[in-house]
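Residue-level structure breakdown
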Protein chains: 2
Amino acid sequence: MPVDPGSARELIHRVFDLQRVIRCLSTSELKHGELGVASQGVLRMIAEHGGRAVDLAGQLGVSAPVLSRHLAELEGLGLVERHRDPEDRRAQRVALTEAGATALNEIEEHRISRLQSYLAGWDEEQAAHAILAIGQLSDALRTGARPMRPAPIQSSPPVLQTPPTPQTTQTQEEALAAR
Amino acid sequence: MPVDPGSARELIHRVFDLQRVIRCLSTSELKHGELGVASQGVLRMIAEHGGRAVDLAGQLGVSAPVLSRHLAELEGLGLVERHRDPEDRRAQRVALTEAGATALNEIEEHRISRLQSYLAGWDEEQAAHAILAIGQLSDALRTGARPMRPAPIQSSPPVLQTPPTPQTTQTQEEALAAR
DNA sequence: TATTGTTATACTCTATAACTATA
DNA sequence: TATAGTTATAGAGTATAACAATA
């Protein structure tokens, strides 16, 4: 049974409200030297899932031209390196330089300390709840947004389809208890 | 005592992740006829806090020129009306037209049904947790972002300052129990 | 023929600066 | 002098289309 329409409406409004607040923060204090917020996100994604550019674009949820432009900028600043993939000479392998890792670290530390000051009245449990709830919401929207390939018409269902992403099937209590 | 740096980092990453997911949804399915997402937000804010344009801009967190442009667009589409404020002839009072209310309703209903389908596996408690956590986070960031006027140096503190926004001082349990 | 990446172009949303009108 | 609103301009971030090189 779906969630109540009133709850859905409320959740939508809260999410848009959060986005507005974050946008205000972005313009006021999320810059880092030459780097815009988007490039900072690319930097972090490289650190986490670095590798082929095309995969990075998918993980960032942006088109190839957008990533290309950001990588060119980051390379120009000496923060990332691009090398042709020896196994597929069309592709690139992307990695942070020493300077890139340093810059990312500064960005992260700065954000963390700012957030810590904003959450001065919070306790660990509250933070854990927020992390969990937002993660679950992102997962739900991601699987919803994912354009499921058009339902196979008149074809017997494949025996083994895409791995049944175990993602977020925990209840909140289980997930919290597992910390 | 502030939240753990690890929790803060995790929360930051989850929030950016949510923003990415929502951006993907925005480009794929949040349009409504001529209206972009920003104009839809203006429409809703008018419905909730309609009144003086300058106050709307503040609540939306955008600059006056941005709101002016959106209002011009919405007025051109026949969705909002602007009248000079009789009490202050510099200002405008903004309100939805009949068509504007109808359009907003369609937008809301559409979003709600989409979100309900995305949250197919959720229960009411989970939704309530997400609403609460996201609202608390927005509040915390908003008060942090609010440029507190520079601490009065060498001046005796005002007897009555800005009302001590009671905002979110409930614990999660209290807030949930109050539903 | 499909995929990786780049360049060119355009769109959305935003801000700052300069202006008019009113207070 | 300060505030409400508009217009002009610029910037960040994104997408689509057309292209080159490789598979």
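Treat the numbers as computed from the prediction; the structure is a model and nothing was measured. (Residues numbered from 1 in each chain as written. Chains lettered and ligands numbered in written order. Predicted model: local features only at pLDDT ≥ 70, side-chain atom pairs only at ≥ 80, totals over all residues. Heavy atoms only, no water.)

Details of the overall build of chain A
A count of helices and strands for chain A gives seven helices and three strands. When the helices and strands of chain A are listed from N to C terminus, the series reads α-α-β-α-α-β-β-α-α-α. The proportion of buried residues among the 179 residues of chain A is 40%. Nonlocal contacts in chain A, meaning residues at least 24 apart in sequence, comprise 53% of its contacts between residues at least 6 apart. Accessible surface, chain A: about 10200 Å² in total, of which carbon and sulfur atoms supply 56%. (Helix = DSSP H or I, 4+ residues; strand = E, 2+ residues; numbered from the N terminus. Buried < 20%, exposed > 50% of the residue type's maximum accessible area, 1.4 Å probe, protein only. Contact = heavy atoms within 4.5 Å. Areas by Shrake-Rupley, 256 points an atom, 1.4 Å probe, with all protein chains shown as cover.)

Let's talk about the pairing of strand E2 (residues 80-85) of chain B
All names here are of chain B. As paired strands, E2 and strand E3 (residues 88-96) are joined by six bridges and run antiparallel to one another. The partner of aspartate 85 across the bridge, within E3, is aspartate 88. Linking E2 back to E3 in an antiparallel pair, the connection comprises two residues. (Pairing = 2+ DSSP bridges.)

Some details on the protein's contact with DNA strand C
DNA strand C sits among 24 residues. The nearest are Val54, Ser68, Arg82 and Gln92 of chain A together with Arg90 of chain B. The sugar-phosphate backbone supplies 71% of the atoms of DNA strand C found within 4 Å of the protein. Here arginine 52 of chain A contributes a side-chain N or O atom positioned 3.2 Å from a phosphate oxygen of DNA strand C. In the model, a phosphate oxygen of DNA strand C is placed 2.8 Å from a nitrogen or oxygen of the valine 54 of chain A main chain. Elements supplying a minimum of two residues to the surface near DNA strand C: helix H3 (53-60), helix H4 (64-76) and strand E3 (88-96) of chain A together with helix H2 (37-49), helix H4 (64-76) and E3 of chain B. It is H4 of chain B that contributes the most residues to the surface near DNA strand C, four residues altogether. Residues belonging to the surface near DNA strand C are distributed by class as follows: 10 nonpolar, six polar and eight charged. (Near = heavy atom within 4 Å. Polar contact = N/O pair within 3.5 Å; in protein donor to acceptor, adjacent residues only side chain to side chain. Nonpolar A, V, L, I, M, F, W, Y, C, P; charged D, E, K, R; others polar.)

What about the protein's contact with DNA strand D?
Taken together, 24 residues form the shell around DNA strand D, and within it Arg90 of chain A together with Val54, Ser68, Arg82 and Gln92 of chain B come nearest. When the atoms of DNA strand D within 4 Å of the protein are sorted by group, sugar and phosphate make up 69%. The separation between a phosphate oxygen of DNA strand D and a polar side-chain atom of serine 68 of chain B is 2.4 Å. Of all the secondary-structure elements, those providing two or more residues to the surface near DNA strand D are helix H2 (37-49), H4 and E3 of chain A together with helix H3 (53-60), H4 and E3 of chain B. For the surface near DNA strand D, the leading source of residues is H4 of chain A, giving four residues. Residues that form the surface near DNA strand D fall into these classes: 10 nonpolar, six polar and eight charged.

Remarks on the interface of chain A and chain B
Taken together, the contact between chain A and chain B spans 64 residues of the former and 64 residues of the latter. Summed over both partners, the interface of chain A with chain B comes to about 6400 Å²; 65% of that surface belongs to carbon and sulfur atoms. If you look at where chain A meets chain B, you find six salt bridges. Across the salt bridge formed by arginine 9 of chain A and glutamate 108 of chain B, the nearest N and O atoms sit 3.0 Å from each other. Our count for the chain A to chain B interface comes out at 22 residue pairs in polar contact (both at pLDDT 80 or more). Tallied by class, the residues present in the side of chain A that touches chain B amount to 34 nonpolar, 13 polar and 17 charged. (Buried area = accessible area lost by both parts, 1.4 Å probe. Salt bridge = Lys/Arg side-chain N within 4 Å of Asp/Glu carboxyl O.)

Some thoughts on the pattern of salt bridges
With the rule as written, the count across this model stands at 22 salt bridges over all chains. Notably, a salt bridge pairs glutamate 10 of chain A with arginine 14 of chain A, separated by 2.7 Å at the nearest N-O pair. One end of the pair, glutamate 10 of chain A, and the other, arginine 14 of chain A, are both in helix H1 (residues 5-29), four residues apart, so they sit about a helical turn from each other. Note on arginine 14 of chain A: relative accessible area 28%, which makes it partly exposed. One salt bridge in this structure joins arginine 82 of chain B and glutamate 75 of chain B, with 2.9 Å as the shortest N-O distance. The partly exposed category is assigned to arginine 82 of chain B, whose relative accessible area is 23%. The class for glutamate 75 of chain B is partly exposed, based on a relative accessible area of 35%. The structure contains a network of salt bridges with shared partners spanning Asp17 and Arg20 of chain A together with Asp139 and Arg142 of chain B.

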